[in-house]
Amino acid sequence: MLTPGNKKLGGHRIWGFALPSGAAAGCPGMTPTCRRHCYAVRTEGYRPAAAAKYRRNLALSRRRDFARRVRAVLVAHAVRVVRVHTGGDFYSARYARRWLAVMRRTPRARFFFYTRSWRVPAIRAVVDAMAALPNCRVWYSADRDTGVPASVPPGVRVAWLMADPNDLPPAGADLVFRVHGLRR
């Protein structure tokens, strides 16, 4: 379900949870730009065991006891930081509410995530409720296809995907992720 992080995620300090990526059903806010440059889709392509685990996570996320199970893992392993969705995204408001329940019931753990599901009004309402929690950090993920969101609530920052050398981040972007070819 949750896994201790890799070197990029601080070793075992930051745990992650992932779902399958790259399909509209699992990433409802996906744009052509993010689909074309999705690191999670590439990872799933060359790591079939990870892809299988993400599919199992998707099945678990649909269970009524999902929030209880996640919280049990967090408590059992004394997890203090969780990156929700190292791959995938909030695919429904119901699923997002399950994570909101985990966050509310586990105040000692910190949660953070990047999401494009801010583009789906029903999911955005839940994501914005997460942003209001003291133990959650929310990043709306944006790119040239989405533009910067018209309104960004308190507690939310904007992460910009720069996919082209001329794709300069606009005002309102707090963090820039450059695609691999632009990182030199």
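As a starting point, this report considers the structure included with it. (Residues numbered from 1 in each chain as written. Predicted model: local features only at pLDDT ≥ 70, side-chain atom pairs only at ≥ 80, totals over all residues. Heavy atoms only, no water.)

### Examining the sheet that holds strand β5 (residues 136-142)
To keep things clear, this is the line we draw: Any two strands with at least two DSSP-identified bridges between them are counted as paired. Helix and strand definitions follow DSSP, with helices as H or I runs of at least four residues and strands as E runs of at least two, each counted in order from the N terminus.
An order of β1-β2-β3-β4-β5-β6-β7 is seen for the seven strands of this open sheet, with the pairing classed as mixed. Since the sheet does not close on itself, it has two edges, and those belong to β1 (3-4) and β7 (175-178), each with one partner. The sheet contact formed by strand β6 (residues 156-162) and β7 spans four bridges and is parallel. Directly across from tryptophan 160, in β7, lies its bridge partner valine 176.

### Let's talk about the packing of aromatic side chains
Convention followed: Any two rings among Phe, Tyr and Trp, with Trp reduced to its six-membered ring, count as a pair given centres within 6.5 Å; such a pair is stacked if its planes are under 30 degrees apart, edge-to-face if over 60, and tilted if neither. Accessible area is worked out with a 1.4 Å probe on protein chains only. A residue is then buried under 20% of its type maximum, exposed over 50%, and partly exposed in between. Placement of a positive charge over a ring is assigned whenever Lys NZ or Arg CZ falls within 6 Å of the ring centre and within 35 degrees of the normal to the ring plane.
Evaluation of the coordinates by the stated rule reveals 12 aromatic pairs. Geometrically, the ring pair formed by phenylalanine 90 and tyrosine 95 is tilted, given 5.9 Å between the ring centres and 45° between the ring planes. For the pair phenylalanine 90 and tyrosine 95, one class covers both residues: buried. Seen from their ring centres, tryptophan 118 and tyrosine 140 are 5.4 Å apart, and the 15° between their planes marks the pair as stacked. Placement of tryptophan 118 in the loop between β4 (110-115) and α6 (121-131) and of tyrosine 140 in strand β5 is noted, with a sequence separation of 22 residues between them. Take tryptophan 118: its relative accessible area is 9%, and that puts it in the buried class. Ring pairing ties together the aromatic residues Phe17, Phe66, Phe90, Tyr91, Tyr95, Trp99, Phe111 and Phe113, which thus form one cluster. One cation-aromatic arrangement involves arginine 62 over tyrosine 91; the distance from NZ or CZ to the ring centre is 5.7 Å.

### Some words on the packing of helix α5 (residues 93-105) against α6
Stated formally: For helices, the fitted axis covers only the stretch in contact; all axes are lines through C-alpha atoms, and the angles between them, taken along N-to-C directions, range from 0 to 180 degrees. By definition in this entry, angles of less than 35 degrees are roughly parallel, angles greater than 145 are roughly antiparallel, angles of 65 to 115 are roughly perpendicular, and the rest are oblique. Between two residues, a contact is recorded if the distance between any of their heavy atoms is within 4.5 Å. Under the convention adopted here, Pro, Cys and the residues Ala, Val, Leu, Ile, Met, Phe, Trp and Tyr are nonpolar, Asp, Glu, Lys and Arg are charged, and Gly plus all remaining residues are polar.
One can describe the packing of α5 onto α6 by two numbers: an axis separation of 9 Å at closest approach and a directional angle of 10°. Accordingly, the angle class assigned to the pair α5 and α6 is roughly parallel. Of the residues in α6, those in contact with Ala93, Ala96, Arg97, Trp99, Leu100 and Met103 of α5 are Ala122, Ile123, Val126, Ala129 and Met130. The residue inventory of the contact of α5 with α6, partitioned by class, reads 10 nonpolar, no polar and one charged.

### A few points about the state of the cysteines
Put simply, the test is: Counting rule for disulfides: a pair of cysteine sulfur atoms within 2.5 Å.
For the structure on display, the rule yields zero disulfides. In this structure cysteine 34 is a free cysteine whose sulfur lies 6.8 Å from that of cysteine 38, the closest cysteine sulfur available. A residue is classified by how much of its surface remains accessible, and cysteine 34, at 12% relative accessible area, is buried.

### Thoughts on the pairing of strand β2 (residues 14-18)
Burial analysis of β2 places five of its five residues in the buried class, the great majority of the element. Every second residue of β2 is oriented toward a common face, with Ile14, Gly16 and Ala18 on one face and Trp15 and Phe17 on the other, all of them buried. Bridge count between β1 and β2: two bridges; the pairing is antiparallel. Along β2, the bridge assignment pairs proline 4 with tryptophan 15.

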